[in-house]
Amino acid sequence: MRRRRWRATSALHWPDAVGEGVDSRLFHIEFATTDYGLRAWVTGVNGTLETTLAYWQVIAGEIRRLTPRALLVVDDMEGEPPPPGQLLEFVQAMQGQGMEAVRIAYVERHADQLPQVEFAGLLANEHGFNAQVFADEAAAVIWLRYGGG
């Protein structure tokens, strides 16, 4: 299988807290086709529900376009994931975007964020997704290729 790579870059703009000026948050996604499906390497700055939704919607668009059997997301972003109170809102917003049909492995590179990301993974599984969170990319790839609990 020939491996193909491409990038998606986005900037989100919204008014700052006092309504003046614009705050920009950037994220970059490098996609690659693999023997197990699609790999998305996400970098940039996170910390809000809006940023998380935006980059996942870009990923969902590639899932709908390419229809891979599996997806590996490697999160190398700075900043925190959305607060726990917003994780259910995130999962519900992703329903119906085509992600339910693929096996999703999510690698969180910041070990201190694993509990919060694992909570999001549990919510995703409760809402029709087949997702697993990993601290290690090699373990995630094995799960995507061969299955397991």
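Refer to the preceding data block for the structure.
Below: a short report on this structure. Each chain carries its own residue numbering, running from 1 in the direction its sequence is written. Reporting in this predicted model follows two pLDDT cut-offs: at least 70 for local features of residues, and 80 or more for side-chain atom pairs to be given and counted; totals over whole chains, interfaces and linings ignore these cut-offs and use all residues. Remark: hydrogens and water are excluded; side-chain values derive from all non-hydrogen atoms of the structure.

1. Looking at helix H4 (residues 137-146)
And step 1. Buried, partly exposed and exposed residues are distinguished by accessible area as a fraction of the type maximum, computed with a 1.4 Å probe on protein chains only: under 20%, between the cut-offs, and over 50%, respectively. Here a helix means four or more residues in a row that DSSP labels H or I, a strand means two or more in a row labelled E, and each is numbered from the N terminus. By the burial criterion, the buried members of H4 are Ala140, Val141, Trp143 and Leu144. Buried residues of H4 fall within an arc of 160° about the axis and therefore sit on the same side.
And step 2. Any two residues whose heavy atoms approach within 4.5 Å are treated as being in contact. Buried residues along H4 sit against strand S4 (70-75), strand S5 (103-108) and strand S6 (130-134).
And step 3. Sitting at the head of H4, aspartate 136 places a side-chain oxygen 3.4 Å from the backbone nitrogen of alanine 138.
And step 4. Within two residues after H4, glycine 147 carries a phi angle of roughly 85°, on the positive side. Throughout, the arc means that of the directions going from the helix axis to the C-beta atoms. Polar contact criterion, stated in full: a pair of N or O atoms within 3.5 Å, where within protein one must be able to donate a hydrogen and the other to accept it, and residues adjacent in sequence count only if both atoms are side-chain atoms.

2. Here's the deal with the nonpolar core
And step 1. Within the largest apolar cluster, 33 residues are counted, with the highest numbers of intra-cluster contacts made by Tyr55, Trp56, Ile59, Leu71 and Met99.
And step 2. Of all the secondary-structure elements, those providing two or more residues to this core are strand S2 (22-33), strand S3 (38-44), helix H1 (49-66), S4, helix H2 (84-94), S5, helix H3 (114-126) and S6.
And step 3. It is H1 that provides the largest number of residues to this core, a total of eight residues.
And step 4. Discounting residues that sit within four places of it in the chain, leucine 71 has contacts with Leu38, Ala40, Trp56, Ile59, Ile63, Met99, Val102, Arg103, Ile104, Ala105 and Leu144.
And step 5. In this structure, Tyr36, Val74, Val141 and Trp143 belong to the second largest nonpolar core, which totals 11 residues. The nonpolar core is taken to be a set of buried Ala, Val, Leu, Ile, Met, Phe, Trp, Tyr and Cys residues, with the residues joined through side-chain atoms within 4.5 Å.

3. Details of the pairing of S5
And step 1. The element S5 is extensively covered by neighbouring structure, given that five of its six residues are classed as buried.
And step 2. In terms of strand pairing, S4 meets S5 through six bridges, oriented parallel. Counted as the bridge partner of leucine 72 is alanine 105 from S5.
And step 3. Look down the strands so they point away from you; if going from the first strand over the helix to the second traces a clockwise path, that crossover is right-handed. In this fold, S4 hands off to H2, which returns the chain to S5; that crossover is right-handed.
And step 4. Sheet topology note: the S5/S6 ladder contains five bridges and is parallel. Bridge assignment links valine 107 to a residue of S6, and that residue is phenylalanine 134.
And step 5. Chirality of the crossover, the property in question, places the unit of S5, H3 and S6 among those that are right-handed. Here the rule is simple: two strands pair whenever DSSP picks up at least two bridges between them.

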